[in-house]
Amino acid sequence: MSDKSWISEIPQLDRKELRDFKKLLDGLFRDFSREYGDAIQSFFDPLLATLIWFEKLLLSTPWWLVIAVVAGFAYAASRSFKLTISVIVAFLVIGYFGMWEDTMRTMSMIIVSTLLAIFIGVPIGVAMARSNRIQSIVTPILDVMQTMPAFVYLIPVVMLLGIGKVLGVIAVIIYAIPPVIRLTNLGIRLVDKEVLEAATAYGASPIQRLFGVQIPLAMPTIMAGINQTIMMALAMVVIASMIGVKGLGQPVLQAISNQYFTQGLLNGLAIVALAIIFDRISQSYAKRTLQNFGDQ
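Residue positions are given per chain, counting from 1 as you read along its sequence in written order. Only residues with pLDDT of at least 70 are given local features in this predicted model, and only at 80 or more are side-chain atom pairs given and counted; all residues enter the totals for whole chains, interfaces and linings. Based on all heavy atoms of the structure, the side-chain values leave hydrogens and waters out of the count.

(A) Spotlight on helix α11 (residues 206–235). In this text, helices come from DSSP runs of H or I with a minimum length of four residues, and strands from runs of E with a minimum of two, each type numbered from the N-terminal end. A helix is expected to span 1.5 Å multiplied by its residue count minus one. If you check α11, its first and last C-alpha atoms are just 38 Å apart, much less than what 30 residues at 1.5 Å a residue would give, namely 44 Å. Its axis deflected by about 60° at Met219, α11 carries its strongest bend there, up to four residues before the proline Pro220. At every residue, the bend is computed as the angle between two fitted axes, covering the seven residues ending there and the seven beginning there respectively.

Spelled out as structure tokens, the structure:
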């Protein structure tokens, strides 16, 4: 290569050097997976047990009881008969078209994944809101998590854990957790400074201000983050089906492979119905929480 070739061609590693570099990294990761793979799988065994237990619970519970419980949650969150009836009708239609078991499997994964995302994401968002340094560290990580194609980060996880339910939950959490972290951070930062000063003047400690003022006032924004997390988790259902997770994603994947339009449409609409149900319930709960805080 001539001295001026860099003007027309971007400098790059020699093919042999690039191949050796890739082999080195692949070898290091294989050694890591052989050394620590069993320990990592053992670490996630409680999560697998929880997933299996919850899925069996939903599948073994009578359909009418599942609908009654979900409708009860909908009414408790919204105090709306219209939403409650809509939830009942949606589940009845899902069952009528033979998608009940797949819906229960998908619900079990989404509920567990969302709860874990909230349990992990909200504290991280709170820490980001209280520290600019933590925010500067976490923000680039969230950028990578949101933009990295799911299949890329699935490769090392598959090598460590194999295909199955745990891998599906991990994939969903990685893909869906950024919104709840970002919007928790944003919601707490947007709380009026004068309100915080008033709380401090009344003798509130930092913990009391956080749980008594900041989080309640930020709840609509936090719930918006949770909504987005739920939507993104449901969007991962089809990808999760490619790694052995049963649910509504598998029929959609089969429909794509075999060009079954109606099967794909029905299961896709079932996923949409779940998304709308979770969205309306969480939004209604956020509005009622803010209203009750305002009345106090």
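(B) Inspection of the confidence of the model for the protein chain at higher detail. The quantity called pLDDT is the predictor's confidence in a given residue, expressed from 0 to 100. In the predicted model, the protein chain carries a mean pLDDT of 84, and 95% of its residues have values of at least 70. The secondary structure element of the protein chain with the lowest average pLDDT is helix α1 (residues 5–8), at 69, and the one with the highest is helix α5 (residues 81–96), at 92.

(C) Layout of the nonpolar core. What we call a nonpolar core is a set of buried Ala, Val, Leu, Ile, Met, Phe, Trp, Tyr and Cys residues that are connected through their side-chain atoms within 4.5 Å. The buried label goes to any residue with under 20% of its type's maximum accessible area, the exposed label to any with over 50%, and the partly exposed label to all in between, with areas taken from a 1.4 Å probe on protein chains only. By size, the foremost hydrophobic cluster in this structure holds 77 residues, and its most contacted members are Phe91 and Leu234. Any two residues having at least one pair of non-hydrogen atoms within 4.5 Å are treated as being in contact. Residues in contact with Phe91, not counting those within four places in the same chain, are Ile67, Val70, Trp100, Thr103, Met104, Met107, Leu274 and Ile277.

(D) The arrangement of the packing of helix α4 (residues 63–78) against α5 in detail. Helix axes use the C-alpha atoms of the stretch in contact, all axes being lines fitted to C-alpha atoms, and the angles between their N-to-C directions lie in the range 0 to 180 degrees. The contact between α4 and α5 brings their axes to 8 Å, and the two run at 155°. With respect to their mutual orientation, α4 and α5 come out roughly antiparallel. As α4 runs across α5, the sense of the crossing is right-handed. In this structure, α4 uses Trp63, Ile67, Val70, Ala71, Ala74, Tyr75 and Ser78 to contact α5, whose residues at the interface are Phe81, Leu83, Thr84, Val87, Ile88, Phe91 and Leu92. Only Asp, Glu, Lys and Arg are considered charged in this grouping, and only Ala, Val, Leu, Ile, Met, Phe, Trp, Tyr, Cys and Pro are considered nonpolar; every other residue, Gly among them, is considered polar. Considering only residue class, the contact of α4 with α5 consists of twelve nonpolar, two polar and no charged. Oblique is the label for any angle not under 35 degrees, not over 145, and not in the 65 to 115 range, which are roughly parallel, roughly antiparallel and roughly perpendicular in turn. What makes a crossing left-handed is the near helix being turned counterclockwise from the far one by less than a right angle; a clockwise turn instead makes it right-handed.

(E) Inspection of the pattern of salt bridges at higher detail. Criterion for a salt bridge: a side-chain nitrogen of Lys or Arg within 4 Å of a carboxyl oxygen of Asp or Glu. All told, the structure shown has seven salt bridges when counted by the stated rule. A salt bridge links Arg182 to Asp143, with the nearest nitrogen and oxygen atoms 2.5 Å apart. With Arg182 in helix α9 (residues 165–189) and Asp143 in helix α7 (residues 132–147), this pair connects stretches of sequence that are 39 residues apart. A relative accessible area of 37% means that Asp143 is categorised as partly exposed. Among the salt bridges present, the one from Arg280 reaches Asp279, with a minimum N-O distance of 2.4 Å. Residue classification places Asp279 among the buried positions, given a relative accessible area of 12%. Three or more residues are tied together by salt bridges with common partners; here these are Glu55, Glu101, Asp102 and Arg105.

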